Amino acid sequence: MNSVLIFDSGVGGLSVFQEVTKLMPEQHIIYAFDNAAFPYGELPDDVLVNRVCGMVAAICAEHDISLVVIACNTASTIVLTPLREQLSIPIVGVVPAIKPAAAKSNKKKIGLLATPATVKRDYTQQLVKDFAPDCEVTMIGSTELVQMGEAKLRGVAVNNAVLENVLSPFMGHVDCVVLGCTHFPLLKPEIEAALGSECLVVDSGEAIANRVACLLNEKGDQKASSKGKNKHWVFSSASVKDEIALNQEMAKFGFSEIKRAPIF
Ligand code: DGL
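Computed from a predicted model, the values in this text were never measured in an experiment. Counting starts from 1 at the beginning of each chain's written sequence and moves along it residue by residue. A pLDDT threshold of at least 70 governs which residues receive local features in this predicted model, and a stricter bar of 80 or more applies before side-chain atom pairs are shown or counted, although totals over entire chains, interfaces and linings include all residues. Here the side-chain values reflect all heavy atoms present in the structure, with hydrogen atoms and water set aside.

Undergrad: Would you take a moment to explain the overall build of the chain for this structure?
TA: The number of helices and strands found in the chain is 11 helices and 10 strands. Only C-alpha atoms enter the radius of gyration, while the globule expectation follows 2.2 Å times N to the 0.38, with N the number of residues. For 264 residues, the compact-globule estimate of 2.2 N^0.38 gives 18 Å, and the C-alpha radius of gyration of the chain, at 18 Å, lies within 12% of that figure. Oriented by its inertia axes, the alpha-carbon framework of the chain measures out at about 50 × 35 × 35 Å. Accessible area is worked out with a 1.4 Å probe on protein chains only. A residue is then buried under 20% of its type maximum, exposed over 50%, and partly exposed in between. Taking all 264 residues of the chain together, the buried fraction comes to 56%. Working rule for contacts: check all heavy atoms of both residues, and any pair within 4.5 Å makes them a contact. When contacts within the chain are restricted to residue pairs at least 6 apart in sequence, long-range pairs at least 24 apart make up 74% of them. Of the roughly 11,300 Å² of accessible surface on the chain, 51% is carried by carbon and sulfur atoms. Only four residue types enter the tally: Lys and Arg on the positive side, Asp and Glu on the negative side; His and the chain ends are excluded. Note on charges: their place is set at NZ of Lys, CZ of Arg, CG of Asp or CD of Glu. Positive and negative charge centroids in the chain, built from 24 and 29 side chains respectively, lie 4 Å apart. Comment: elements are numbered from the N terminus, with helices defined as DSSP H or I runs of at least four residues and strands as E runs of at least two. Note on areas: Shrake-Rupley with a 1.4 Å probe; residue coverage comes only from the protein chains shown.

Undergrad: What exactly am I supposed to notice about the pairing of strand β3 (residues 65-70) here?
TA: Across a regular strand the side chains alternate sides, sitting on one face of the sheet and then on the other. Burial analysis of β3 places 6 of its 6 residues in the buried class, the great majority of the element. The criterion for strand pairing is that DSSP finds at least two bridges linking the strands in question. Pairing analysis gives 5 bridges linking strand β1 (residues 3-8) to β3, with the strands arranged parallel. Bridge pairing links I6 to V69 in β3. In this sheet, strand β4 (residues 91-93) lies alongside β3 in parallel orientation, the contact comprising 3 bridges.

Undergrad: Honestly, the packing of helix α2 (residues 45-62) against helix α3 (residues 73-86) in this entry has me stumped. Any pointers?
TA: In a packed pair of helices, the relevant descriptors are the angle between the two axes and the axis-to-axis distance. A fitted line through C-alpha atoms represents every axis, and for helices the fit uses only the stretch in contact; the resulting angles, taken between N-to-C directions, go from 0 to 180 degrees. Two numbers describe how α2 lies on α3: the axes approach to 9 Å, and their chain directions differ by 50 degrees. If you check the angle between α2 and α3, you find them oblique. Crossing hand, α2 versus α3: right-handed. Here D45, L48, V49, V52, C53, V56 and A57 of α2 lie close against α3, whose contacting residues are T74, A75, I78, V79, P82, L83 and Q86. Grouping the amino acids of the contact of α2 with α3 by side-chain chemistry returns 11 nonpolar, 2 polar and 1 charged. Roughly parallel means an angle under 35 degrees; roughly antiparallel means over 145; roughly perpendicular covers 65 to 115; every other angle is labelled oblique. Helix crossings fall into two classes, left-handed where the near helix is turned counterclockwise from the far one by less than a right angle and right-handed where it is turned clockwise. Asp, Glu, Lys and Arg are counted as charged, while Ala, Val, Leu, Ile, Met, Phe, Trp, Tyr, Cys and Pro are counted as nonpolar; the rest, among them Gly, fall into the polar class.

Set out below in structure tokens:
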């Protein structure tokens, strides 16, 4: 069965999973998350590269994977080159949507909301230089919001006062905000409400799904998945047996029981 592997540190990659399955409802997905090393936005670069390459390669060695999506901006900024050297299948990364935001912003003042690591990386600075040279870019790196996305998926209500406090540097200043972390589309309604209707909020989910569809069509690899409930598979690096809310939520997304990832 030609599966697509979608990988993240936690549940953020589910925002990409949703876009991929919207476009390709029949595609079988394996979702893997490295919760043992979460949050990635706080990890040293070398640790992050080793973990992502190790875990993705181990899953690809055990399963029939036709394409990998690194559904994590923090990891994509540094792991794509080493991972592509290691694996011969297509690897799709997630890049903050700076280019579309620059095109959409009337004021030419955009905001980037990402992890502390992503806002610091050369990759991101270069993206801004290449695609938003005429824009003033305000960057916020927040692990607190990543945790909030994790909590929301487990049924915990979003604390809007905390959210507004994190977003305050954008308020009344930018007219377009890029969600440069895959956890943040999970908070999109709350972020949009906090920023107000004058501010546009963009993310890369749909573009990634289009890229995946295009590559699979080129390879002729898009295959029907097993149908019905629990049709997709999910692996984590640390046990989540006790996390009842997470297991229930993953089941709603169509995943079978969360299993431990192969040793890497
Ligand atoms: N969802 C990830 C991203 O897009 C990582 C968040 C984290 O683990 O810090 O950057």
